[in-house]
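Reading the structure
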Amino acid sequence: MDHRPQAWGRPRDDVYGAYDASYLHDSGPKTATQSPVVTGTSVIGIKFKDGVVIAADNLASYGSLARFNNVKRLRTFLNSSVIGFGGDVSDMQYLDRLLSELAIDETYETDDTPEDDEETTKKTHLNAANLHKYLQKLLYQRRSKFDPLWNQILVAGTDGEGKPFLASVDLRGTAFSSASLATGFGSALAQPIMRRYAETDEQAAKLTREEAVAVVKECMKVLFYRDARSLDRYSIAVVTKAGVELAEEEQLEKQSWAFAERIRGYGTQNV
Amino acid sequence: MFRNNYDNDSVTFSPQGRIFQVEYAGEAVKQGSVVVGIASKTHAVLVAIKRNAEELSSYQKKLFPIDEHVGIAIAGLTSDARVLSNFMKQQCLGHRLTYGRNMPVRSLVDMIGSKAQINTQHYGKRPYGVGLLVAGVDQQGGPRLFEFQPSGMTEEMVAFAIGARSQMARTYLEKNVDSFKACGKEELIKHGLRALKESLVQDRELTIDNTSVAIVGVKKDKDGTAKVEPFKVYDGQDVMDWIDSVSDDKENTAPAPATVEESMDVDNDA
Amino acid sequence: MAAMFSQNPLMNGPNYSFNDAPKVNAPEGARQHRFDPYTDNGGSTLAIAGADFTIMAGDTRHTSGYSINSRYYPKVFKIGGTTADQHDANLVLSVVGFAADGEALKERLDAICKMYRYRHGKPMSVKACAQRLSTILYQKRFFPYYVYAILGGLDEEGKGAVYSYDPVGSYEREQCRAGGAAASLIMPFLDNQVNFKNQYVPGSGEGHALQERERKPLSRNEVEVLVKDAFDGAVERHIEVGDGLQMMVITKDGIEEILLPLKKD
């Protein structure tokens, strides 16, 4: 029996093989997050006539364990933009604090003219396009330091001209924009569905708010059917020029698992 | 002879609560030739008198672009202004890089304010010997005009003048202050030039060599959205028509200065 | 092997340091970095210099693996104008490879060109900008911008100029260059159609006597058609190329931007 303190509470080597003690070593190069720990799954968003709908479920997983089932992964910014986070939850919470500070600075800086009405003030604030640029720069800077913030992010809101804005940025600082966007599993499961309704900005400009919300809810259902790291409780936000309407306790409706019966596995199994 | 013991550095108060070095820096601003700035609902203009050190030399520039939406007019030490101008340019570039928008004029002015204030509170440092008028437009808001002094004081203005004999220009501006808001850019420039003329010494007048004009504003795009009309400096032949339009003989036949000849209201929604 | 390390304290000496824990899976004392800072976002670019113009082109698809992230993601940028809308720009940069690096590179070069204008009161020449771009890329020699860049403009004599780069800054001036995912598909086509490689005067003889077809500069219209054909070909054979074709035509009158559709499949 090994009685040294560093062996306390460890699995037995003769049963489980040699213990990987590499994390105990504090010598060697500086280490940073090399993989996410507690994670959120897909975020999906779609533009419509006068805004954007964005949604993400309320689950934070620890590997395959559904660890926290009431984590809100959409956050509003100055009641004019919504940011949806996929990936590491602690990095999300760090970004959330950072954005809160930014929002405070922003309100101090721009609300200086007493005669400005609320409308004008809102227009001088950082809009979703500005915010997306900022997050892209931040995430790119961190990846360049080899200390990435392990997230895939969607930013929804309006741009400088008041048009709907939806863009994505990931842990490498890769950023792009499209009429509909989805992170993680969503890019395989939800994106094809959303593209049926809004392949281009022109098509998205014909969608009504109700249609867009319906599409997103349908996608959340498909994701819950097929993504094992998802939850049937989710947050959904509608962002327009007028502001943000965020619901954080939505429940998936009208599920039907009838299809499950017909699934016969993949490839070999066919009886 | 009386000798002031409290003006050797900028960190010592006089018993009267004054900091002489900072006040002297303010005097340096008053040595500089006059610059005038006015803001309306759609535009901000800067006009300036340039000086040449001697007949054979060129005229010292007074108006500088900072970024597409901001520019400055300087009165005082040009070399000190260059330091501030470069700093402002860098800040604007940096802000555009990280946020993809024009830097808010207020935050830009606040930054040079804090930068200048540091020089008034550290031993061995010297306050900037220059005053600025900062004219710009905000992202979607309107035109802005700020005054900056070596003490680090900054203040938003409707119209202002700094530099030698600028009191005369200010008096003119005060008299017409109510009409500025509705002015179009041409009318705004004329007001600026008239204010400049007030400050001129006897038998000197505005010429294409000694006058600079700069404009920045918002304009309506084809599709009705408000766009920045970039900060542009006009010198030489380009300012001739404006100078002519405020020449004494013209003014006597023209209608009273306070009337609005042109209005270019830009609404913020659209 | 495992027994050698843990079971008997006496064998390892009386030691209570955590640093003394077995280094089975960390032979070098540290775990491998698992984070890969690069991805390939696909797409292709192309530049051809004419007698008094340059055409820069790129498709607008943005991919990650088999997914299409966006159908409109420009890879060709105007550089060095005085304002954000680049209305008075005189240079064009195309970047393809890792898109985030591409964007960072573009913005850095643009900022440098803007500062140059501010300090010197005139725009940067293509030659100067080309040299500067090389320096920027080489400065990151050991953590490179993972991009294939092409810079285009008009030289001091008003002739079309194309400078092409590898990710670490090697560069040369060329008549034409293709970059990115479908570079290997487009480049041979360009060799044949722009530089008339492997084209000979019929009946001029055999072996060394064979005369090469005389090279003559192509007209703007010819080049525009060539570019479209090159991309239509690339779209057919490469999955990462498609959606839209963005072209910038640089002439003495300024830069004209043309957007054409490509197959979206």
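The residue count restarts for each chain, going from 1 along the sequence in the order it is written. Each chain is given a letter, starting from A, and each ligand a number, starting from 1, according to the order in which they appear as written. Whole-chain, interface and lining totals are the exception, using all residues; otherwise, since this is a predicted model, local features are given only for residues with pLDDT of at least 70 and side-chain atom pairs are given and counted only at 80 or more. Where side-chain values are given, they derive from all heavy atoms of the structure, hydrogens and water being excluded.

As recorded by an unreviewed UniProt entry, chain C carries the name Nucleophile aminohydrolase and is attributed to Diplogelasinospora grovesii.

Heads up, the rule is: UniProt positions are given in the numbering used here, feature names are shortened, and annotations may be inferred rather than shown by experiment.
As recorded in an unreviewed UniProt entry, chain A goes by Proteasome subunit beta and comes from Diplogelasinospora grovesii. Taken directly from UniProt, the Function (unreviewed entry) text for chain A runs: "Non-catalytic component of the proteasome."

So, the overall build of chain A
We count it as follows: Secondary structure follows DSSP: runs of H or I at least 4 residues long count as helices, runs of E at least 2 residues long count as strands, and numbering of each begins at the N terminus. Only protein chains enter the accessibility calculation, which uses a 1.4 Å probe; a residue is then buried when its area is under 20% of its type maximum, exposed when over 50%, and partly exposed in between. What makes two residues a contact is simply this: any of their non-hydrogen atoms within 4.5 Å. Here the open area of atoms and residues is found with the Shrake-Rupley method and a 1.4 Å probe, where only the protein chains shown may cover a residue.
Looking only at helices and strands, chain A features nine helices and 13 strands. Considering chain A as a whole, with its 271 residues, one finds that 52% of them fall into the buried category. Intrachain contacts of chain A at a sequence separation of at least 6 include 63% that bridge at least 24 residues. As displayed, chain A has an accessible area near 13,000 Å², and 52% of this comes from carbon and sulfur atoms.

Focus: the packing of aromatic side chains
Aromatic rings in a pair are described by how distant their centres are and how their planes are angled relative to each other. All names here are of chain B. Basically, it comes down to this: When the centres of two rings from Phe, Tyr and Trp lie within 6.5 Å, Trp using its six-membered ring, the rings pair. Their planes under 30 degrees apart give stacked, over 60 give edge-to-face, and anything left gives tilted.
This structure, assessed with the given rule, holds 15 aromatic pairs over all chains. Consider the rings of F20 and Y24, whose centres lie 6.1 Å apart with planes at 40°: the pair is tilted. Placement of the pair is F20 and Y24 together in helix 1 (residues 20-31), with a separation of four residues, close to one helical turn. Its relative accessible area of 10% is what places F20 among the buried residues.

Some details on helix 5 (residues 185-199) of chain B
Residue and element names in this part refer to chain B. Stated precisely, the cut-off is as follows: To estimate the expected span of a helix, count its residues, drop one, and scale the result by 1.5 Å.
With 15 residues, helix 5 extends 21 Å from end C-alpha to end C-alpha; this agrees with the ideal 21 Å at 1.5 Å per step. Here helix 5 lies mainly inside the structure; 11 of its 15 residues are buried. Three or more residues of helix 5 are buried, namely E187, L188, I189, K190, H191, G192, L193, R194, A195, L196 and S199.

Overview of the sheet that holds strand 9 (residues 171-174) of chain C
Residue and element names in this part refer to chain C. Put simply, the rule is: By this definition, two strands are paired if DSSP reports at least two bridges between them. The axes used here are C-alpha line fits, helices contributing only the stretch in contact, and every angle between their N-to-C directions lies in the interval 0 to 180 degrees.
Read across the sheet, five strands follow the order 5-6-7-8-9 without closing on themselves; strand pairing throughout is antiparallel. Either end of the sheet is taken by a strand with one partner, and the two such strands are strand 5 (76-79) and strand 9. This sheet shows a mean twist of 25° between the axes of neighbouring strands, independent of strand direction. Two strands pair when backbone bridges link them, and strand 7 (residues 147-154) and strand 8 (residues 160-165) are joined in this way by five bridges, in the antiparallel orientation. Looking at strand 8, one finds that L151 is bridged to Y163.

Structural notes on the nonpolar core
General note: in soluble globular proteins, nonpolar side chains tend to be found buried as a group. All names here are of chain C. Let me state the cut-off plainly: The definition of a nonpolar core used throughout is a set of buried Ala, Val, Leu, Ile, Met, Phe, Trp, Tyr and Cys residues joined through side-chain atoms within 4.5 Å.
Residues L93, L105, L109, L133, Y145, L151 and Y165 are the most contacted members of the largest nonpolar core, which totals 29 residues. At the level of elements, strand 5, strand 6 (91-97), helix 3 (99-120), helix 4 (126-139), strand 7 and strand 8 are the ones that each hand at least two residues to this core. Beyond its immediate chain neighbours, meaning those up to four positions away, Y165 contacts C129, A130, Q131, L133, S134, L137, Y148, A149, L151, S170 and Y171.

Details of the interface of chain C and chain B
Applied cut-off: The buried area of a pairing is the accessible area, by a 1.4 Å probe, that goes missing from both parts when the two are put together, added over both. Any Lys or Arg side-chain nitrogen located within 4 Å of an Asp or Glu carboxyl oxygen qualifies as a salt bridge.
Contact with chain C, which involves eight residues of that partner, is made by 10 residues of chain B. Across the interface of chain C and chain B, roughly 810 Å² is buried in total on both sides, 64% from carbon and sulfur atoms. Where chain C meets chain B, there are zero salt bridges.

So, the sheet that holds strand 13 (residues 243-251) of chain A
All names here are of chain A. Ordered in space as 11-2-3-12-13, the five strands form an open sheet in which the pairing is antiparallel. At either margin of the open sheet sits one strand with a lone partner, and together these are strand 11 (180-182) and strand 13. Geometrically, the sheet is characterised by an average inter-axis angle of 10° between neighbouring strands, direction not taken into account. In this structure, strand 12 (residues 233-240) lies alongside strand 13, joined through seven bridges in antiparallel fashion. Bridging from a neighbouring strand, V238 pairs with E245 of strand 13. In this fold helix 8 (residues 209-226) packs onto strand 2 (43-48), strand 3 (51-57), strand 12 and strand 13, with an angle of close to 160° to the strand it touches most, strand 2.

A few points about the pairing of strand 1 (residues 35-39) of chain B
Residue and element names in this part refer to chain B. Along strand 1, five of the five residues are buried, which leaves the element largely enclosed by surrounding structure. By the bridge criterion, four bridges tie strand 1 to strand 8 (residues 159-162) in an arrangement that is antiparallel. Looking at the pairing, V35 lines up with I162 of strand 8. Summarising the sheet, strand 1 and strand 2 (residues 43-49) pair through five bridges and their orientation is antiparallel. The partner of G37 across the bridge, within strand 2, is L46. Where strand 1 hands over to strand 2, the hairpin turn is made up of three residues, counted between the paired strands.

Brief notes about the environment of C:G152
All names here are of chain C. Counting through the fold element by element, G152 comes out in strand 7. When the C-alpha atoms of G152 and D40 are compared, they prove to be 23 Å apart, with 112 residues separating the residues in sequence. Other than its neighbours up to four places away in sequence, G152 contacts T54, M56, L91, V92, V126, A161 and I250.

Overview of the side chain of C:S94
In this structure, C:S94 sits in strand 6. We classify C:S94 as buried; its relative accessible area is 0%.

Points about the pattern of salt bridges
For the coordinates displayed, the defined rule picks out 42 salt bridges over all chains. The salt bridge involving B:D80 is made with B:R126; its shortest N-O contact spans 2.8 Å. One end of the pair, B:D80, is in helix 2 (residues 78-99); the other, B:R126, is in the loop between helix 3 (105-118) and strand 5 (130-137), and 46 residues separate them in sequence. With a shortest N-O distance of 3.8 Å, C:D265 and C:K263 are connected by a salt bridge. Under the relative-accessibility criterion, C:D265 is labelled exposed at 63%. For C:K263, a relative accessible area of 41% corresponds to the partly exposed category. Linked by salt bridges that have partners in common, A:E199, C:R61, C:R71 and C:D243 make up one network.

Some remarks on the environment of A:I46
All names here are of chain A. Position of I46 among the secondary structure elements: in strand 2. Each C-alpha atom of the pair I46 and R196 lies 11 Å from the other, and the pair is 150 residues apart in sequence. When neighbours within four sequence positions are excluded, I46 is seen to be in contact with G51, V52, V53, L166, A179, S180, M194, A198, L207, A212, V215 and V216.

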